[in-house]
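# Commentary on secondary and tertiary structure
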Amino acid sequence: MMEEKGRENGVAAMKACYRRFDPAAYLQYNYTPPRADFTRKDSIVPWKLACLHRAFTEGDMSGELLVDIGSGPTLYQVMSGCEVFSKVLLTDFLEVNRQELRRWLQDEGQCSLDWTPYLQHVCKLEGRRPSAWTEKAAKLRQVVADILPIDVHCSQPLAPDALPSVGADCLVSCFCLESVSPDLAAFTRALGHIGKLLRPGGHLMLIGALGESYYFAGPGVRIPVVPLNEAQVCTSLKESGYTLIRLEVYTLTQDMRVGVDDVTGVFFVKAKKD
Ligand SMILES: C[S@@+](CC[C@H](N)C(=O)[O-])C[C@H]1O[C@@H](n2cnc3c(N)ncnc32)[C@H](O)[C@@H]1O
Ligand SMILES: O=S(=O)(c1ccc2c(c1)CN[C@@H](CF)C2)N1CCSCC1
């Protein structure tokens, strides 16, 4: 009883932190140079986009539905998957993030970030000319079917009728679970909750921060993060009913440590639901 109360308080405290999340600041801190520098081979952006491209295109994917868990205001995470799955659902806890995504998808302008360099880079990975980015943008706008509210701390994170009864064919989730969980146990529980949205044999692409204990989501908006290492990620995956296919790690170079967080590395996981 006391333990359950403690869990609820920890989750509630995390949710309170997110009331001040600033999408535009978050994008500026993480998705513009020096972190998002396409001219540098050792930049983290080409590495992450290459991990996603390889994972989506190596021939073991099947099905129609891809769900992005905790999309935030970002789209890079589905730029490869949108060529493989005919239906994509984006999800986030905050309406301000769902609005940011809607603005881009409805091509209304006033977006907080220009995703063109990301679209062009993914086109290059696909062997297409960079100018095909307009076709990729159109494809993404065509396959994204909805932008839904989600809470990974609920045993049923989405509305009951959000997915087909069998579940999604693939999940992708980037920098979400460790950034919204008060501790490792909550991270592992959340991993299990989203696993229930995935059909058996479906794939999970999980990207996250290693060694991170906080990040800023706006001026003075400091959000605690569960500091993870590779072994903890692997143990949580196993405990939550996944089989690891591949784990890749990127260690941030000193110049990418820009004061907006204390992340030391980024992991990329491709796993399969048992
Ligand atoms: C660090 S951001 C990650 C955003 C994006 N996926 C990326 O790759 O940058 C974490 C996201 O989790 C969302 N979030 C916060 N609490 C959540 C919850 N309980 N369930 C699902 N998402 C949540 C936040 O609104 C935010 O968009
Ligand atoms: O890996 S990043 O540097 C990155 C991107 C996002 C985040 C972090 C790091 C660390 N703090 C997280 C807090 F949740 C958010 N990167 C930014 C440029 S595009 C590829 C991803």
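Quick summary incoming for the structure in this document. Throughout this document, residue positions are counted from 1 along each chain, in the order its sequence is written. For naming, the first written chain is A and the first written ligand is 1, with later ones following in the order written. Given that the model is predicted, a residue must reach a pLDDT of at least 70 before its local features are reported, and side-chain atom pairs must reach 80 or more before they are shown or counted; all residues, however, enter totals for whole chains, interfaces and linings. Each side-chain value is derived from all of the structure's non-hydrogen atoms; neither hydrogens nor water enter the calculation.

Another point: the packing of helix α8 (residues 184–195) against helix α9 (residues 230–239). Lines fitted to C-alpha atoms define the axes here, with helix axes fitted over just the stretch in contact, and angles between the N-to-C directions of these axes take values from 0 to 180 degrees. In this text, helices come from DSSP runs of H or I with a minimum length of four residues, and strands from runs of E with a minimum of two, each type numbered from the N-terminal end. Between α8 and α9, the least distance of the axes is 9 Å, while the angle of their chain directions is 45°. Of the possible angle classes, the one that applies to α8 and α9 is oblique. Two packed elements cross with a definite hand, and for α8 against α9 that hand is right-handed. Across the interface between the two elements, Leu184, Phe187, Thr188 and Leu191 from α8 touch Gln232, Ser236, Leu237 and Glu239 from α9. Residues are grouped as follows: Ala, Val, Leu, Ile, Met, Phe, Trp, Tyr, Cys and Pro are nonpolar; Asp, Glu, Lys and Arg are charged; every other residue, Gly included, is polar. Residues of the contact of α8 with α9, tallied by class, amount to four nonpolar, three polar and one charged. An angle counts as roughly parallel when it lies under 35 degrees, as roughly antiparallel when it exceeds 145, as roughly perpendicular when it falls between 65 and 115, and as oblique in every other case. Take the far helix as your reference; a near helix turned counterclockwise from it by less than a right angle gives a left-handed crossing, and one turned clockwise gives a right-handed crossing. We call two residues in contact whenever any of their non-hydrogen atoms come within 4.5 Å of each other.

The next point concerns the site of ligand 1. Each residue is tested against the molecule or strand, and it is near if at least one of its non-hydrogen atoms lies within 4 Å. Near ligand 1 you find 22 residues, and of these Tyr26, Tyr31, Tyr76, Asp92 and Cys174 are the closest. Between a nitrogen atom of ligand 1 and a main-chain N or O atom of serine 71, the distance comes to 3.3 Å. Aspartate 151 places a side-chain nitrogen or oxygen 3.0 Å from a nitrogen atom of ligand 1. For the area figures, the Shrake-Rupley method with a 1.4 Å probe applies, and any residue is considered shielded solely by the protein chains shown. Protein coverage of the free-state accessible area of ligand 1, which is 590 Å², stands at 99%. Looking at the shell around ligand 1 residue by residue, the class counts come to 13 nonpolar, seven polar and two charged. We call two N or O atoms a polar contact when they sit within 3.5 Å, provided that within protein one can donate a hydrogen and the other can accept it, with sequence-adjacent residues counted only if both atoms are side-chain atoms.

With that out of the way, let us pick up helix α5 (residues 116–125). Any residue under 20% of the maximum accessible area for its type is buried, any over 50% is exposed, and the rest in between are partly exposed; the area is computed with a 1.4 Å probe on protein chains only. Every buried residue belonging to α5 is among Thr116, Tyr118, Leu119, His121, Val122 and Cys123, and all of these are buried. On its buried face, α5 sits against α3 (44–57), α4 (95–105) and α6 (133–143). Backbone geometry just downstream of α5 places glycine 127 in the positive-phi region, at approximately 80°.

Moving on, we come to the pattern of salt bridges. Any Lys or Arg side-chain nitrogen located within 4 Å of an Asp or Glu carboxyl oxygen qualifies as a salt bridge. Under the criterion given, the structure shown has 24 salt bridges. One salt bridge in this structure joins glutamate 126 and lysine 136, with 2.8 Å as the shortest N-O distance. Of the two residues, glutamate 126 is situated in the loop between α5 and α6 and lysine 136 in helix α6; the sequence distance between them amounts to ten residues. With relative accessibility at 23%, the residue glutamate 126 sits in the partly exposed group. For lysine 136, a relative accessible area of 0% corresponds to the buried category. Here the residues in one salt-bridge network are Arg54, Glu58, Asp60, Arg246, Glu248 and Lys270, joined through shared partners.

Side chains of nonpolar character tend, in soluble globular proteins, to be buried together. Note on terminology: a nonpolar core comprises buried Ala, Val, Leu, Ile, Met, Phe, Trp, Tyr and Cys residues joined through side-chain atoms within 4.5 Å. Trp115, Tyr118 and Ile194 are the most contacted members of the largest nonpolar core, which has 88 residues in total. With eight residues, the top contributor of residues to this core is α3. Residues contacting isoleucine 194, with those up to four places away along its chain left out, are Ile69, Val152, Pro157, Leu171, Leu177, Leu204 and Tyr242.

By the convention used here, strands pair only if DSSP detects at least 2 bridges between them. Pairing is mixed in the open sheet, where seven strands are placed in the order β3-β2-β1-β4-β5-β9-β8. Only two strands of the sheet have a single partner each, and these edge strands are β3 (144–149) and β8 (242–251). Averaged over all pairs of adjacent strands, the angle between strand axes in this sheet comes to 15°, irrespective of strand direction. Across four bridges, the pairing between strand β1 (residues 65–69) and strand β4 (residues 168–174) is parallel.

Aromatic ring pairs are defined here through the distance separating the ring centres and the angle between the ring planes. Centres within 6.5 Å are what make two rings of Phe, Tyr or Trp a pair, Trp counting through its six-membered ring; a difference in plane orientation under 30 degrees is then read as stacked, over 60 as edge-to-face, and the rest as tilted. Scanning all chains against the criterion turns up twelve aromatic pairs. Residues tyrosine 26 and tyrosine 215 carry aromatic rings whose centres are separated by 6.0 Å and whose planes lie at 70° to one another, so their mutual orientation is edge-to-face. Of the two residues, tyrosine 26 sits in helix α2 (residues 23–30) while tyrosine 215 sits in strand β6 (residues 214–216), which places them 189 residues apart along the sequence. Just as tyrosine 26 is buried, tyrosine 215 falls in that class too.

Bringing the side chain of serine 181 into the picture now. Take serine 181: it is sitting in the loop between α7 (177–180) and α8. Given the relative accessible area of 2%, serine 181 is considered buried. Side-chain polar atoms of serine 181 contact the backbone oxygen of leucine 177, separated by 2.7 Å. When neighbours within four sequence positions are excluded, serine 181 is seen to be in contact with Met14, His153, Ala186, Phe187, Ala190 and Val226.

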